[in-house]
Amino acid sequence: MDINGKELEHGIIQGGMGVGVSLSELAGNVAREGCMGVISSVNIGFKEPDFLTNPFEANIRALKKHIQRAKEISQGNGLIGVNIMVAVSHYEETVKAAISAGADAIISGAGLPLNLAELVKGSKTLFAPIVSSKRAAMLLCKTFIKKAGSLPDFIVIEGHKAGGHLGFSAKDLDADTCQPNLQILQEVKEVIKPFEDEFKKTIRIFLGGGIFDGKDMAEAIKAGADGVQIGTRFIATRECDADDVFKQVIVDSKLDDIRIIKSPVGMPARAIHTPLLENLEKGKTFFAKKCNSCLTACPKGENIPYCISRALISAVEGNREEGLFFCGENAWRVNDIVTVKELIDELLTDYNNSLANA
């Protein structure tokens, strides 16, 4: 598949998962199999010695190191993307750092990346917004044209079954009235077509949120997607950068463990019910007064029940008691920890079999 001059052998994007879940080891190995491996930039420098005292420089330094390392691991195969949340502090500086370090693509959500086209303009880096509706897709295309005279190279649709922060209202999530993935896909395709025709450019679309196996991938592509984004299943791989405890929490999870929670940043999110969430339900608070201002939308100090950054870091470091374990809706279906190659081979085999039997 050609994405504006860059070749992707398989239509699979590994979702960017922070803090520290998808770094260079995971992203590099995914790319080596001909897919797009994605590094999450959010607090990527949490292992740097000066992270607590100088988080901005620690994060930029670590981001550049992980992009370089991922490219080394990929051996020239696939593509290396970076997921950069709009809601993070120093968004523009992070985008520019990723470009200078040689990222093949910037994928941006958790808000509308209205200035992303301007930041990427003149570089060889592809750019893609994450959307959950046709309205967002149309607004972003209009804005990119107005500000930079360009359209995104691809769009990632994240449906309501995704993990982490969600682009849907808590009311719709609770009532199960969110738009289905395939409906959003069709509507996004319809609203971007006039832009594609005007600029004579193909905007690739990748569908994510609840994509679990090759059958889901085949269904998405038959419905008009160019590929899929898969996050949670890549956590349960040998090469995932998270501690083995995190991977086992995914494997051990049951259907009833998957919960919609209210994040300190004010958005609904999906996570596994572990001791942190259980204690929060009892009114306990954690990490509330230790803030490094990593997210612009997050209230500070005593106004929050816990620091989401430290809770996510605790999870990736294997602290089951105090960690926040984000996951997609289908996490409970993951039964084993496998290699990246085994997972991608399984996905492609099931995909091809589904097409053959259609």
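Residues numbered from 1 in each chain as written. Predicted model: local features only at pLDDT ≥ 70, side-chain atom pairs only at ≥ 80, totals over all residues. Heavy atoms only, no water.

**Student:** Let's hear about unusual backbone geometry: which residues, and what values?
**Tutor:** Here the residue pair Gly 18 and Val 19 is connected by a cis peptide bond, since its omega of 0° sits within 30 degrees of zero. Even without glycine at this site, His 90 takes up a positive phi of about 60°. Mapped onto the elements of the fold, His 90 is located in the loop between β5 (79-83) and α3 (91-100). By relative accessible area, which is 38% here, His 90 ends up partly exposed. (Helix = DSSP H or I, 4+ residues; strand = E, 2+ residues; numbered from the N terminus. Buried < 20%, exposed > 50% of the residue type's maximum accessible area, 1.4 Å probe, protein only.)

**Student:** Give a description of the pattern of salt bridges that names residues and reports values.
**Tutor:** The tally for this structure, following the rule as stated, stands at 16 salt bridges. With its nearest N and O atoms 3.2 Å apart, the salt bridge here joins Lys 71 to Asp 104. With Lys 71 in helix α2 (residues 55-74) and Asp 104 in the loop between α3 and β6 (105-108), the pair connects residues that are 33 residues apart, well separated along the chain. What makes Asp 104 buried here is its relative accessible area of 10%. Across the salt bridge formed by Arg 333 and Asp 213, the nearest N and O atoms sit 3.7 Å from each other. A residue pair is termed long-range when its members are at least 10 positions apart, and Arg 333 in the loop between α12 (308-316) and α13 (340-357) and Asp 213 in the loop between β10 (204-208) and α8 (214-222) qualify at 120 residues. Through salt bridges with shared partners, one network takes in Glu 48, Asp 50, Arg 61 and Lys 65. (Salt bridge = Lys/Arg side-chain N within 4 Å of Asp/Glu carboxyl O.)

**Student:** Describe the environment of Asn 59, naming the residues involved and giving the relevant values.
**Tutor:** Inspection of the secondary structure puts Asn 59 in helix α2. Relative accessible area serves as the criterion here: at 15%, Asn 59 is assigned to the buried category. For Asn 59 and Gly 45, which are 14 residues apart along the polypeptide, the C-alpha to C-alpha distance reads 4.1 Å. When neighbours within four sequence positions are excluded, Asn 59 is seen to be in contact with Asn 43, Ile 44, Gly 45, Phe 46 and Phe 51. At 2.7 Å, the side chain of Asn 59 forms a polar contact with the backbone nitrogen of Gly 45. (Contact = heavy atoms within 4.5 Å. Polar contact = N/O pair within 3.5 Å; in protein donor to acceptor, adjacent residues only side chain to side chain.)

**Student:** Outline the state of the cysteines, supporting the account with residue identities and numerical values.
**Tutor:** For the coordinates displayed, the defined rule picks out zero disulfides. Counting only cysteine sulfurs, Cys 327 is the nearest neighbor of Cys 178, a cysteine outside any disulfide, at a range of 16 Å. Here Cys 327 is not disulfide-linked; the sulfur of Cys 240 is the nearest cysteine sulfur, at 13 Å. Assessed through its relative accessible area of 1%, Cys 327 is described here as buried. (Disulfide = S-S within 2.5 Å.)

**Student:** Account for the nonpolar core, with residues named and values stated.
**Tutor:** Counting 108 residues, the largest nonpolar core has Ile 157, Ile 192, Phe 234 and Leu 324 as its most contacted members. When neighbours within four sequence positions are excluded, Ile 157 is seen to be in contact with Val 131, Ile 184, Leu 185, Val 188, Ile 205, Phe 206, Leu 207 and Gly 208. Core analysis: the second largest hydrophobic core is formed by 14 residues, Ile 13, Ile 107, Leu 126 and Ala 128 among them. (Core = buried A, V, L, I, M, F, W, Y, C linked by side-chain atoms within 4.5 Å.)

**Student:** Give me the pairing of strand β7 (residues 126-131): which residues, what numbers.
**Tutor:** By the criterion of burial, β7 is predominantly enclosed, with six of the six residues buried. Relative to β7, β6 is paired through four bridges, and the arrangement is parallel. Residue pairing across strands places Ile 106 opposite Phe 127, the latter belonging to β7. Traced from β7 through helix α5 (residues 134-148) to strand β8 (residues 154-158), the parallel crossover comes out right-handed. (Pairing = 2+ DSSP bridges. Right-handed = clockwise from strand over helix to strand, strands pointing away.)

**Student:** Now, about a nonpolar patch on the surface: what can you tell me, with residues and values included?
**Tutor:** Nonpolar side chains collect at one region of the surface, where Leu 112, Leu 114 and Leu 139 lie side by side and expose about 220 Å² of accessible area between them. Note that Leu 139 resides in helix α5. (Patch = residues over 30% accessible without salt bridge, like charges linked within 9 Å, V, L, I, M, F, W, Y side chains within 5 Å. Areas by Shrake-Rupley, 256 points an atom, 1.4 Å probe, with all protein chains shown as cover.)

**Student:** Please give an account of the sheet that holds strand β13 (residues 268-272) that cites residues and values.
**Tutor:** On the basis of which strands lie adjacent, the open sheet formed by three strands has the order β9-β13-β12 and antiparallel pairing. Edge positions in the open sheet fall to β9 (164-165) and β12 (258-262), since each of these has one partner strand only. Pairing analysis gives two bridges linking β9 to β13, with the strands arranged antiparallel. The partner of Gly 164 across the bridge, within β13, is Arg 270.

**Student:** Could you give an account of the environment of Ile 230, with specific residues and numbers?
**Tutor:** By the element assignment, Ile 230 lies in strand β11 (residues 227-230). Along the sequence, Ile 230 and Lys 254 sit 24 residues apart, while their C-alpha atoms lie 19 Å from each other. In this view, Ile 230 contacts Ile 13, Gln 14, Gly 15, Ile 211 and Leu 347; residues no more than four positions away in its chain are not counted.

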